Amino acid sequence: MLVSATTAVLAGVTAAGAADCPRKDALGTSRVLVVDAKTYPRVGLKSFPQTLPLADHEVVLTFDDGPQPPYTEEVLAALAQECVRVTFFLVGKSSAQFPELVRHAAAQGHTIAHHTWSHSMASNISFEKAKEDIDRGIAADEMALHGVSTIAPSTPFFRFPYFDLTPKTLKLLQSRGIVVFGADLWASDWEEMTPDQELKLITSRLNAEGIILFHDAKAHTAAMMPAFLRYLHDNGYHVVHIVPTAPLQRNAVTH
């Protein structure tokens, strides 16, 4: 069961209402939720027993596997139209290829998080290789974003590809103060489908609150996003933007 907003509001949460958006009748971002790794080291009910403290009809929108033009650009345009802020879990190899898209997303106020370098399954490779894939991905994302190659992420949020994790990789990330994200529901947009089919699927699964997983590298997700954001607006949903407690020192661990 999700924790009620009256009993689980995190310290440091600030308001960010749709009234701040220049576009009339935009969905907007209802509030900013500060996520502390000590309190919420692992979140998302599909993988863990705990999720974020969201009230009824509050959602956190997350996107994996980008950046990937032109689809990430289309998603960013849809989000900007509705003044919505989300979290992107980036694949390092793509960040290295399209650094301008990483900076574009950050400039729009979105949270930049991490999703390994190569999108490998941690359980299929050795711990040493999994660690290298995590570190290399973070370093590539940070280089694209800040011009500094470091394995100390400025935003310590991470999601395993395929939600595939091992006890050793979980322990590694927890020791570094990095929040591991699962999801509470997803659009299954890794499957081939039309934008209309995806919209019907995700709205049929959305009946309360939670962390939602999309993939901004998918054409049908990018095409569906404007209609989905309108659905949230028209059905009384509120978007919560997640941020870390404070940036880690990027010069703490470099290579």
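This is a predicted model, so every value here is computed, not measured.

Considerations on the confidence of the model for the chain
(1) Moving on: For the chain, per-residue confidence averages 90 on the pLDDT scale, and residues scoring 70 or more make up 89% of the total.
(2) Moving on: Predicted confidence is poor over residues 1–17, with pLDDT under 50, and the contacts of this stretch with residues over four places away or in other chains come to 30 contacts.

Digging into the packing of aromatic side chains
(1) Moving on: Overall, the coordinates contain nine aromatic pairs when judged by the stated rule.
(2) Moving on: Geometrically, the ring pair formed by phenylalanine 158 and phenylalanine 160 is edge-to-face, given 4.9 Å between the ring centres and 85 degrees between the ring planes.
(3) Moving on: Overall, the relative accessible area of 4% leaves phenylalanine 160 in the buried class.
(4) Moving on: Arranged with centres 5.2 Å apart and planes meeting at 65 degrees, the rings of phenylalanine 214 and phenylalanine 228 form a pair that is edge-to-face. In this pair, phenylalanine 214 is assigned in strand β10 (residues 210–215) and phenylalanine 228 in helix α7 (residues 219–234), connecting sequence segments 14 residues apart. We note that phenylalanine 214, like phenylalanine 228, is buried.
(5) Moving on: An aromatic cluster of three or more residues is present, and its members are Phe63, Phe88, Phe214 and Phe228.
(6) Moving on: The ring of tryptophan 186 has lysine 46 lying over it, and the distance from NZ or CZ to the ring centre is 4.7 Å.

Thoughts on the pairing of β10
(1) Moving on: Most of β10 is tucked away, with six of its six residues classed as buried.
(2) Moving on: Where strand β9 (residues 185–186) lies against β10, two bridges are found, and the strand directions are parallel. Residue leucine 185 lies in a different strand from β10, and its bridge partner there is isoleucine 212.
(3) Moving on: For the crossover that starts at β9, traverses helix α6 (residues 195–205) and ends in the parallel β10, the hand is right-handed.

Remarks on the state of the cysteines
(1) Moving on: Applying the stated rule across the entire model yields one disulfide.
(2) Moving on: Cysteine 21 shares a disulfide with cysteine 83; S-S distance 1.8 Å. Every disulfide takes its handedness from the sign of the S-S torsion; for cysteine 21 and cysteine 83 that torsion is 55 degrees, giving right-handed. With cysteine 21 in the loop between β1 (14–15) and β2 (31–35) and cysteine 83 in the loop between α1 (71–82) and β5 (87–90), this pair connects stretches of sequence that are 62 residues apart.
(3) Moving on: Here cysteine 83 falls in the partly exposed class, since its relative accessible area comes to 23%.

Considerations on the pattern of salt bridges
(1) Moving on: Tallied over the entire structure, the rule returns seven salt bridges.
(2) Moving on: Two residues, aspartate 135 and lysine 131, come together in a salt bridge whose shortest N-O distance is 3.1 Å. Pair noted here: aspartate 135 and lysine 131 are both in helix α4 (residues 127–146), with a separation of four residues, about one helical turn.
(3) Moving on: Judged by its relative accessible area of 8%, aspartate 135 is buried.
(4) Moving on: The exposure class of lysine 131 is partly exposed, given its relative accessible area of 29%.
(5) Moving on: Beyond isolated ion pairs, a larger network of salt bridges with shared partners links Arg23, Asp25, Glu82 and Arg230.

Criteria and thresholds
- Residues numbered from 1 in each chain as written.
- Predicted model: local features only at pLDDT ≥ 70, side-chain atom pairs only at ≥ 80, totals over all residues.
- Heavy atoms only, no water.
- pLDDT = per-residue confidence, 0-100.
- Contact = heavy atoms within 4.5 Å.
- Phe/Tyr/Trp six-rings, centres within 6.5 Å; stacked < 30°, edge-to-face > 60°.
- Buried < 20%, exposed > 50% of the residue type's maximum accessible area, 1.4 Å probe, protein only.
- Helix = DSSP H or I, 4+ residues; strand = E, 2+ residues; numbered from the N terminus.
- Lys NZ or Arg CZ within 6 Å of the ring centre and 35° of its normal.
- Pairing = 2+ DSSP bridges.
- Right-handed = clockwise from strand over helix to strand, strands pointing away.
- Disulfide = S-S within 2.5 Å.
- Salt bridge = Lys/Arg side-chain N within 4 Å of Asp/Glu carboxyl O.

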